[in-house]
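Breakdown of the fold
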Amino acid sequence: MLPFEISPLLPLLESCKTIKQAFQVHAQIILNGFQHHVFPISRLISFFALLGSEEGLNYSQIIFCQIEQPNQFIYNTMIRGFSHSKFPEKALVFYSSMLHQVNQSPNNFTFPFLLNSCARLSTLKPGIQVHSHIIKFGFDLDLYVGNALMHFYSVFKHLNDARIVFEGSLVRDLVSYNTMINGYGLVGRPGPALRLFRKMQESGIVPDEFTFVALLSAFSSLDDSRIGKQIHGFVYRNPSCVDSNGLLKAAILDMYAKSGLMDLADRVFSSMASNKSTAAWSSMISGYARRGETAAARRMFDQMDRRDLICWTAMISGYSQSGQYSEALELFAQMEYLGIRPDECTMAAVLSACAGLGALSLGERLHGRYIGGQLCSQNIILSTALIDMYSKGGKIDSSLHMFHRIPKGLRTVSLFNSMISGLAQHGLGKSALAVFREMESVGLGPDSVSFVAVLSACSHSGLIEEGKELFRSMLDVYGIRPHKEHYGCMVDLLGRDGCLDEAYDLIRSMPFEANSVIWRALLGACKLRGNVKIGEVAAQKLIELEPDHGAHYVLLSNMLANTNKWEQAVRVRKLMEDKGIQKPPGWSYTEFQGTIHWFLASDKSHLQDKRIESMLQDMAMQLKSAGYVPNTAQVVFDIDEEEKETVVSYHSEKLALAFGLVNSSTGETIRIMKNLRVCGDCHSAFKLLSKIYCREIIVRDASRFHHFKNGCCSCKDFW
DNA sequence: GGTCAGCAGA
């Protein structure tokens, strides 16, 4: 029996709404000398521990320390409180102190809380130990404990272990099924999820909205929308399916948006009337963006009243994935201006836009500002985006440094692919092969993307035999059927080795029609080797496949011009002009003090800056005195030599270099991005200029990187 | 005193 004096305090404690009121009740308890009465103290601890705030937890811990012999309930309360907190590992500390106390042992209430804490840790181990305690203390057949165990194993994607618990359980309820269905969805196994749903119906357990939400999410990663539609129909026909907070409707909408069925998605969206959640808006935005309809996505985005971070991220990544990098960065700038702090997902999308543009200094700034060292090695998608950004921004050393800092157990196939393809673009074929082998040695099987990366590494570095062997092994060893991209790499590889006939034969032996990428690879090799016969075939195919693409006409006419077939060259040029096709303008840009400076070929508007003009003259003079003769072979027009020299000296990359030279000093690195492949003349000139002006020049062109240093280029004139 | 609770962005 409680002493009668305490009874007025208990209802007071029950009715506490704020932490302040609870402090007052605690003060009253102490003033009245009840601080050692188990019951009121238990209630107080429970109140503070379950408030959900750090302050509450700290306070409950202070009270806890003052109790000589905490009972089971108090221990469970502390474990429960910390299981939801920022420090789930503290729950384990309380559990362990509970075990050390004489006459104290856990009960069936202890383990669900404890497992919940374990599910939120970064390692699996403590949870497994807890599982053995559960068996030792004989709670393995408790329904709640079993469900919590399934949840714990699901979180770590150990569905087989979750399944063992499920199969071993004597009683199963809605929660058991929902947990398992969710778990299978989490690991992308919709098949078992659906089978469990059927089993659940056979057992007479009525599904709730969470069951359907879990099922829909399990199926949303699939391209097939049939099951999704069936679920929609099932829900529609069964009025018993309550959807009290609209979760289910939002899940159905998301399913349609993910399947690209925007008409159906829009119908559900409209039916939400004024209850549209930001989640629903996000689903719509990313649905449109995924189909490349960024304008439609943007219209939705602009219509929103209140945008949360996820909407911003959805729109930014929509732009990024559609290759609209500038738009992505512009929107991000707006977001920053509004003071919205990005998270890892936003950063991954923004960094991929930086990678696309080669906006290294912006990428570096974002890395420094928003991403700490620890965070980037933990979030593997972000690390992959950073590695890609540094590679494509020209800093392959930084990519490698990041890659090596990522713990081996966290590395994924995508991460390896990103690293291999970075090394490939920089012509570091041997290193790319080594990383590829490393991926295999840690037990990660290469996928189709890995092979594109490693084969292109071989072709960019002239590793002919290695490339051929890898291509053969794709199907024989790894069971991966080569796609067009892989054939494209092989055509490139053979072409660069001068085996043009072999490359042409490979194209003819392919089990599908060659696409423009493959023909372009062949044409590029023909141009390099001066093989007009096969080159013409390739160019004709390209013109057939992409008649509006000016670059093909230019390549063909350049090749004809290179072999002095001027008349034919002019004819091709004329054909292009008659069709009204414009040559794609060559442009280059370079970043300076965080701003991007664009340069168009022969466009002299930016030459208002006299310093660039005079630098160009200085460059020409220096080159001449170094004995350099401009290579004007790629200028097709039948104009005199002096004029041709003027044309090549105004190529966009030369203008960008002049700008870079004006704005840098000896020993610095100049980075230039170009939309087309760097021309032969610029390539030779840049080699000499890197020596003359003592600068490292890094050029990213349409196919790879060129590091010009001390008179040489990393591509060894092979590109 | 309790277990699940991915409808949204990489």
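This one's a predicted model, so the numbers in the text were calculated from it and none came from an experiment.

1. Quick notes on the sheet that holds strand β2 (residues 595–600)
As summarised here, the arrangement of the six strands in space is β2-β1-β3-β4-β5-β6, forming an open sheet in which the pairing is mixed. The open sheet has two edge strands, β2 and β6 (712–713), and neither has a second partner. Sheet analysis places strand β5 (residues 705–709) next to β6, joined by two bridges and oriented antiparallel. Looking at the pairing, K709 lines up with C712 of β6.

2. As for the pairing of strand β1 (residues 587–592)
Here six bridges tie β1 to β2, and the two strands are oriented antiparallel to one another. Within β2, the position partnered with T590 by the bridge is H597. Where β1 folds back on β2, the antiparallel hairpin that results is connected by two residues, among which Q593 adopts a positive phi of roughly 50°. Bridge analysis of β1 against strand β3 (residues 669–674) gives two bridges, and the strand direction is antiparallel. Opposite Y589, over in β3, you have M673 as the bridge partner.

3. Side note on the environment of F416
Examined against the element boundaries, F416 turns out to sit in helix α26 (residues 413–425). Owing to a relative accessible area of 0%, F416 belongs among the buried residues under this scheme. In sequence terms F416 and A453 are 37 residues apart; their C-alpha atoms lie 9.7 Å from each other. Every residue in contact with F416, bar those within four places of it in the chain, is listed here: F403, R411, V435, E438, M439, V442 and L444.

4. Let's talk about the side chain of R695
For R695, the position within the fold is in the loop between α39 (680–692) and β4 (696–700). E668 provides the closest opposite charge to the buried, unpaired R695, separated from it by 6.5 Å. Within polar-contact distance, the side chain of R695 engages the backbone oxygen of L661 at 3.2 Å. The contacts of R695, once residues within four sequence positions are left out, are L661, S664, S665, T666, G667, E668, I670, S690 and F708.

5. Digging into the UniProt feature "repeat: PPR" (unreviewed entry) in chain A
UniProt's feature table lists "repeat: PPR" (unreviewed entry) at residues 71–101, 173–207, 277–307, 308–342, 412–446 and 447–482, given in the numbering used throughout. For residues 308–342, the helix share is 74%, the strand share is 0%, and the end-to-end C-alpha distance is 11 Å. End C-alpha atoms of residues 447–482 are separated by 11 Å, and the span's content is 75% helix alongside 0% strand.

6. Examining the protein's contact with DNA strand B
Taken together, 44 residues surround DNA strand B, and among them N76, N147, H151, V213 and D343 come closest. For DNA strand B, the backbone makes up 41% of the atoms found within 4 Å of the protein, where backbone means sugar plus phosphate. Residue V213 places a main-chain N or O atom 2.8 Å away from a phosphate oxygen belonging to DNA strand B. In this structure, a phosphate oxygen belonging to DNA strand B sits 2.9 Å away from a side-chain N or O atom of K258. Classifying every residue of the surface near DNA strand B by side-chain character gives 19 nonpolar, 18 polar and seven charged.

What counts and what doesn't
Residues numbered from 1 in each chain as written. Chains lettered and ligands numbered in written order. Predicted model: local features only at pLDDT ≥ 70, side-chain atom pairs only at ≥ 80, totals over all residues. Heavy atoms only, no water. Pairing = 2+ DSSP bridges. Helix = DSSP H or I, 4+ residues; strand = E, 2+ residues; numbered from the N terminus. Buried < 20%, exposed > 50% of the residue type's maximum accessible area, 1.4 Å probe, protein only. Contact = heavy atoms within 4.5 Å. Lys, Arg positive; Asp, Glu negative; His and termini not counted. Salt bridge = Lys/Arg side-chain N within 4 Å of Asp/Glu carboxyl O. Polar contact = N/O pair within 3.5 Å; in protein donor to acceptor, adjacent residues only side chain to side chain. UniProt positions renumbered as here; feature names shortened; annotations may be inferred. Near = heavy atom within 4 Å. Nonpolar A, V, L, I, M, F, W, Y, C, P; charged D, E, K, R; others polar.

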